[in-house]
Amino acid sequence: DVKVTQSSRYLVKRTGEKVFLECVQDMDHENMFWYRQDPGLGLRLIYFSYDVKMKEKGDIPEGYSVSREKKERFSLILESASTNQTSMYLCASSPRTLGGYTFGSGTRLTVV
Amino acid sequence: AQSVAQPEDQVNVAEGNPLTVKCTYSVSGNPYLFWYVQYPNRGLQFLLKYITGDNLVKGSYGFEAEFNKSQTSFHLKKPSALVSDSALYFCAVQTAADSWGKFQFGAGTQVVVTP
């Protein structure tokens, strides 16, 4: 069964900490995405990557960075976590051609 | 620019009654349309998609959706709702006009099915 795996379901971090959210896909997909989901705001794209070492900013990249050193892994980095980054984070992957996304189960991050 | 609208924040339906979740879109070019469902504290799960061909698309869990090009709509339907269908539903659109195939998501519709 193909899947996207996010390393943590729940995380609690302190303000100012550097936070790493990991995502791994086993479908050999070229594209990978990081979204955050907040009540009333839907899904907002943070960053995406269309190839190894390539990245593009999404709609809300401020306060975040990403890393894609291998095709199957896409990491989201919160350089200095803040309380307004408390959210559900969703990773997704897709093939280069038009088609659907496959989502991970999500990481609910709480910054205290 | 492409956009997706889900005009209802919440849909309430009694178990056994028909369920409809509305979605309209605005794109340049031909749309690829998708429905996803999200259960509490989970990721989004694929339900169905329209790429081309028959306007009526059948998907998982007894759901179907009809692509209506003239009304630019892609409403999700289920003939007889179950309590277990209570979840958050997202419509999404994708087009070749976006170089990277990024989705544009609707804001989501919360479906509540009461026994």
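Here goes a summary of the coordinates provided. This one's a predicted model, so the numbers in the text were calculated from it and none came from an experiment.

1. Re the overall build of chain A
So, step 1. When helices and strands are tallied, chain A shows 0 helices and 11 strands.
So, step 2. The helix and strand sequence of chain A, counted from the amino end, reads β-β-β-β-β-β-β-β-β-β-β.
So, step 3. At 13 Å, chain A has a C-alpha radius of gyration in line with the 13 Å of a compact globule built from 112 residues.
So, step 4. Projecting the C-alpha coordinates of chain A onto the three principal axes gives extents of approximately 40 × 25 × 25 Å.
So, step 5. Buried positions account for 48% of the 112 residues belonging to chain A.
So, step 6. Taking as baseline every contact in chain A between residues at least 6 positions apart, the subset at least 24 positions apart corresponds to 55%.
So, step 7. Summing over all exposed atoms, chain A offers an accessible surface of approximately 5300 Å²; the carbon and sulfur share of this is 49%.

2. A word on the pattern of salt bridges
All names here are of chain A.
So, step 1. Scanning the model with the defined rule gives 9 salt bridges over all chains in all.
So, step 2. A salt bridge links Arg-36 to Asp-38; its shortest N-O distance comes to 2.8 Å. Taken as a pair, Arg-36 and Asp-38 share a single burial class, namely buried.
So, step 3. In this structure, Glu-69 and Lys-53 form a salt bridge, with 2.4 Å as the shortest nitrogen-oxygen distance. Of this pair, Glu-69 sits in strand β7 (residues 64-70) while Lys-53 sits in the loop between β5 (42-49) and β6 (56-57), and the two are 16 residues apart along the sequence. As far as burial versus exposure is concerned, Glu-69 and Lys-53 are alike and both exposed.
So, step 4. What emerges from the salt-bridge pattern is a single network uniting Asp-28, Glu-30 and Lys-71.

3. A short note on the interface of chain B and chain A
Quoted interface sizes are often the accessible area lost when the parts come together.
So, step 1. With 19 residues of chain B at the contact, the number on the chain A side is 23 residues.
So, step 2. Both faces considered, chain B and chain A share a buried interface measuring about 1800 Å² in area, 61% of it formed by carbon and sulfur atoms.
So, step 3. Along the contact surface separating chain B from chain A lie 0 salt bridges.
So, step 4. Run the count over chain B and chain A and you get 6 residue pairs in polar contact (both at pLDDT 80 or more).
So, step 5. Secondary-structure elements contributing two or more residues to the side of chain B that touches chain A are β5 (32-38) and β10 (87-94) of chain B.
So, step 6. Per element, the largest residue contribution to the side of chain B that touches chain A is 4 residues, and it comes from β5(B).
So, step 7. A breakdown of the residues in the side of chain B that touches chain A according to their chemical character gives 11 nonpolar, 6 polar and 2 charged.

Calculation rules
- Residues numbered from 1 in each chain as written.
- Chains lettered and ligands numbered in written order.
- Predicted model: local features only at pLDDT ≥ 70, side-chain atom pairs only at ≥ 80, totals over all residues.
- Heavy atoms only, no water.
- Helix = DSSP H or I, 4+ residues; strand = E, 2+ residues; numbered from the N terminus.
- Rg over C-alpha atoms; globule rule 2.2 N^0.38 Å.
- Buried < 20%, exposed > 50% of the residue type's maximum accessible area, 1.4 Å probe, protein only.
- Contact = heavy atoms within 4.5 Å.
- Areas by Shrake-Rupley, 256 points an atom, 1.4 Å probe, with all protein chains shown as cover.
- Salt bridge = Lys/Arg side-chain N within 4 Å of Asp/Glu carboxyl O.
- Buried area = accessible area lost by both parts, 1.4 Å probe.
- Polar contact = N/O pair within 3.5 Å; in protein donor to acceptor, adjacent residues only side chain to side chain.
- Nonpolar A, V, L, I, M, F, W, Y, C, P; charged D, E, K, R; others polar.

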